[in-house]
Each structure stands twice: as C-alpha cells, then as structure tokens.
Amino acid sequence: MDNCVFCKIVAGEIPSKKLYEDDKYLAFFDIAPMAPVHFLVIPKQHILTGISDINDDNADLVAGALKIAARLAKEQGLTSYRIVTNCGPDAGQTVFHLHFHVLGGTTLSNQMA
Ligand code: 5GP
Ligand code: ZN
C-alpha cells in the first residue's frame, strides 16, 4: 500500500527496532512508547486497515497476530499488559494498517476512554 508507514517498515524502507518476524507478521517497538514496554504487532500484508475490516476470510490472520502479541509479551517478561487496537480517527488511529499495541512494564492507567 503506497504511503503506509507500516508497509514501508515491512519493506525495510523505514528502519524499526524489530522484536519478531516471520513470513506473515512483524513486531517492532513503537517509536513513541506510551509505557516502558510498548511494541506493535502487524500482519505484513496490508489486508485490513483496522479491526473493523475483520471477516471470515481474515479472522485467522487477526487471531494469529494476537497469539504472537501474547507470546511476545510473555517473552518480554510481562505478566500484566494491555493489548489495544485503535479503530478510527476519534479512537486515536493514525496508521491505517491493522496493528495491535502491547503495553506493559508499569501499572497501567485504568482510563479506558
Ligand atoms: P495508532 O495511533 O494508529 O493506534 O498507532 C500507530 C502507532 O505507530 C503510534 O503509537 C506511533 O507512535 C507508531 N508509529 C508511527 N510511525 C512509526 C514509525 O515510523 N516507527 C515506529 N516504530 N512506530 C511508528
Ligand atoms: Zn500498510
């Protein structure tokens, strides 16, 4: 997808601090961390702009991203953490390539909105 920052990260056109990579997924640390541990998990292919695009054909891909997010959280030593996906501009979404934030390493705010 042209002009998508995460597609550029996948393509290696923008550098990132990678945490995990396989043929379908990439995880990398957020450039502007909101917690001591803050990384993003994305499907490499720009199939979904956000979670609102989930459907029967891509639900397995979404579930796979969550599985990796939970595994990496454990590998990072997190016992408590939050997985967030912002959906739409009013929710704070700025990159329209599906991604899950994983936040932890501190006592997280209980403000959900
Ligand atoms: P959103 O606001 O769409 O939920 O999340 C996008 C996230 O991507 C933000 O937390 C932002 O800091 C992160 N981000 C934006 N551009 C880059 C980049 O070039 N590199 C990295 N590592 N993270 C980025
Ligand atoms: Zn993209």
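See the structure shown above.
Per chain, the residues get numbers from 1 upward, laid out in the order the sequence is written. Going through the entries in the order they are written, you letter the chains from A and number the ligands from 1. A pLDDT threshold of at least 70 governs which residues receive local features in this predicted model, and a stricter bar of 80 or more applies before side-chain atom pairs are shown or counted, although totals over entire chains, interfaces and linings include all residues. Hydrogens and waters are ignored; side-chain quantities use all the structure's heavy atoms.

Asker: Whenever I open this one, the sheet that holds strand E3 (residues 37–43) confuses me. Can you help?
Answerer: Strand pairing within a sheet occurs via backbone hydrogen bonds; the two strands may be parallel or antiparallel. For two strands to be treated as a pair, DSSP must find no fewer than two bridges joining them. Every helix listed is a DSSP run of H or I at least four residues long, and every strand listed is a run of E at least two residues long, numbered separately from the N terminus. Taking strand neighbours across the sheet as the criterion, the five strands line up as E1-E2-E3-E5-E4 in an open arrangement whose pairing is antiparallel. Of all the strands in the sheet, just strand E1 (18–21) and strand E4 (81–84) have a single pairing partner and so form its edges. Ignoring strand direction, the axes of neighbouring strands in this sheet form an average angle of 15°. Direction of pairing for E1 relative to strand E2 (residues 25–29): antiparallel, over a ladder of three bridges. The residue of E2 that forms the bridge with Lys 18 is Phe 28. Throughout, a contact is declared for two residues whenever any of their heavy atoms are within 4.5 Å. The axes used here are C-alpha line fits, helices contributing only the stretch in contact, and every angle between their N-to-C directions lies in the interval 0 to 180 degrees. Against the sheet, helix H2 (residues 59–75) makes contact with E1, E2, E3, E4 and strand E5 (100–104), and its axis sits at roughly 155° relative to E3, the strand it touches most.

Asker: What's the story with the environment of Leu 26 in this structure? I'm lost.
Answerer: One can find Leu 26 in strand E2. Accessible area is worked out with a 1.4 Å probe on protein chains only. A residue is then buried under 20% of its type maximum, exposed over 50%, and partly exposed in between. For Leu 26, a relative accessible area of 1% puts it in the buried group. In this structure, the C-alpha to C-alpha distance between Leu 26 and Pro 43, residues 17 residues apart in sequence, is 6.4 Å. Setting aside chain neighbours within four positions, we find Leu 26 in contact with Ile 9, Val 10, Lys 18, Tyr 20, Glu 21, Leu 40, Val 41, Ile 42 and Lys 44.

Asker: What should I look at first to understand the environment of Ala 91 in this one?
Answerer: You can see Ala 91 is positioned in the loop between E4 and E5. Since its relative accessible area comes to 42%, Ala 91 is described here as partly exposed. With 40 residues separating them along the chain, Ala 91 and Ile 51 place their C-alpha atoms 12 Å apart.

Asker: Sorry, what's going on with the layout of surface pockets here?
Answerer: Sizing a probe to match a water molecule and rolling it over the atoms shows the empty space that remains. A volume near 380 Å³ is recorded for the largest pocket. Forming the boundary of the largest pocket are 14 residues, of which Met 34, Val 84, Asn 86, His 101 and Leu 103 lie nearest the centre. Contributions of two or more residues to the lining of the largest pocket are made by E4 and E5. Charged residues are taken to be Asp, Glu, Lys and Arg, nonpolar residues to be Ala, Val, Leu, Ile, Met, Phe, Trp, Tyr, Cys and Pro, and polar residues to be all remaining types, Gly included. The class makeup of the residues in the lining of the largest pocket is seven nonpolar, five polar and two charged. Buried and open spaces are told apart on a 1 Å grid over the protein atoms alone, a cavity being a set of points where a 1.4 Å probe fits but cannot get out and a pocket being an open set with protein on both sides within 12 Å along at least five of seven lines. Residues with an atom within 4 Å of a point are the lining residues. Grid points are joined across faces, edges and corners, and a volume is the space filled by probe spheres set on the points. In this structure, the second largest pocket encloses a volume near 160 Å³. As for the second largest pocket, its lining consists of Val 5, Phe 6, Ile 9, Ile 14, Pro 15, Ser 16, Lys 17, Phe 28, Phe 29, Asp 30, Ile 31 and Leu 40. When contributions to the lining of the second largest pocket are tallied by element, the ones reaching two or more residues are helix H1 (5–10) and E2.

Just distances and angles here, no functional claims.
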